[in-house]
Amino acid sequence: QIWSYHENSSSALTDTSVHAAPGAGLSLYVTDIICSTGAATALNIFLEEGATTVLGPYYLEAVAGRGVALHFSVPKKITANTALTVTTSAAILHSIDITGFVAQG
């Protein structure tokens, strides 16, 4: 089961849902993260399960158009039956795409 998350705004994100808990015996796997900014303000982004940071933070310099594109050859596994959220550090124009899949684990 492939899933994707897309967000394009100028709002700071705090524990914003990327994907709900997948159910007993299932885990979320993250394969790609792409984030870019449209303002000359520094931004960091990280993914969490509950209060625990599981990916990032990834830091972008204060230059409009900065971005990061990550592809995990070995997908990053999130704890079984746990939701995934995203948090950013600033209210600036940005775009975030996160993709992955749900599987046993």
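All of the points below concern the structure found in this document. Keep in mind the model is a prediction, meaning the values are calculated, not measured.

## Quick look at the side chain of histidine 94
In step 1: Checked against the element boundaries, histidine 94 lands in strand β8 (residues 94–104).
In step 2: The exposure class of histidine 94 is buried, given its relative accessible area of 1%.
In step 3: Within the local environment of histidine 94, its side chain forms a polar contact with the backbone oxygen of isoleucine 92, the two atoms lying 2.7 Å apart.
In step 4: What histidine 94 contacts, discounting residues up to four positions off in sequence, is Glu7, Asn8, Ser9, Ser11, Leu13, Ser36, Thr37 and Leu43.

## Concerning the nonpolar core
In step 1: Counting 25 residues, the largest nonpolar core has Val30 and Ile98 as its most contacted members.
In step 2: Secondary structure elements with two or more residues in this core: β1 (2–9), β3 (26–37), β4 (43–49), β5 (52–60), β6 (67–77), β7 (84–88) and β8.
In step 3: Counting residues per element, this core draws most heavily on β3, which supplies five residues.
In step 4: The contacts of valine 30, once residues within four sequence positions are left out, are Trp3, Leu55, Phe72, Pro75, Lys76, Ile78, Leu84, Ile98, Thr99 and Gly100.

## Some points on the sheet that holds β3
In step 1: Spatial strand order, β1-β8-β3-β6: four strands in an open sheet with antiparallel pairing. Here the strands that pair on one side only, and so sit at the sheet edges, are β1 and β6. Ignoring which end each strand starts from, the neighbouring axes of this sheet average 15° apart.
In step 2: Alignment of β3 against β6, held across seven bridges, turns out to be antiparallel. Across the sheet, the residue bridging to serine 36 is glycine 67, located in β6.

## Observations concerning the sheet that holds β4
In step 1: Spatial strand order, β2-β7-β4-β5: four strands in an open sheet with antiparallel pairing. Each end of this open sheet is capped by a strand with a single partner; those strands are β2 (16–19) and β5. Along the sheet, successive strands turn relative to each other by an average axial angle of 25°, direction set aside.
In step 2: Where β4 meets β7, four bridges bridge the pair, whose relative direction is antiparallel. Among the inter-strand pairings, isoleucine 45 is bridged to a residue of β7, identified as threonine 88.

Reading guide: rules and limits
- Residues numbered from 1 in each chain as written.
- Predicted model: local features only at pLDDT ≥ 70, side-chain atom pairs only at ≥ 80, totals over all residues.
- Heavy atoms only, no water.
- Helix = DSSP H or I, 4+ residues; strand = E, 2+ residues; numbered from the N terminus.
- Buried < 20%, exposed > 50% of the residue type's maximum accessible area, 1.4 Å probe, protein only.
- Polar contact = N/O pair within 3.5 Å; in protein donor to acceptor, adjacent residues only side chain to side chain.
- Contact = heavy atoms within 4.5 Å.
- Core = buried A, V, L, I, M, F, W, Y, C linked by side-chain atoms within 4.5 Å.
- Pairing = 2+ DSSP bridges.
- Axes fitted to C-alpha atoms, helices over the stretch in contact; angles between N-to-C directions.

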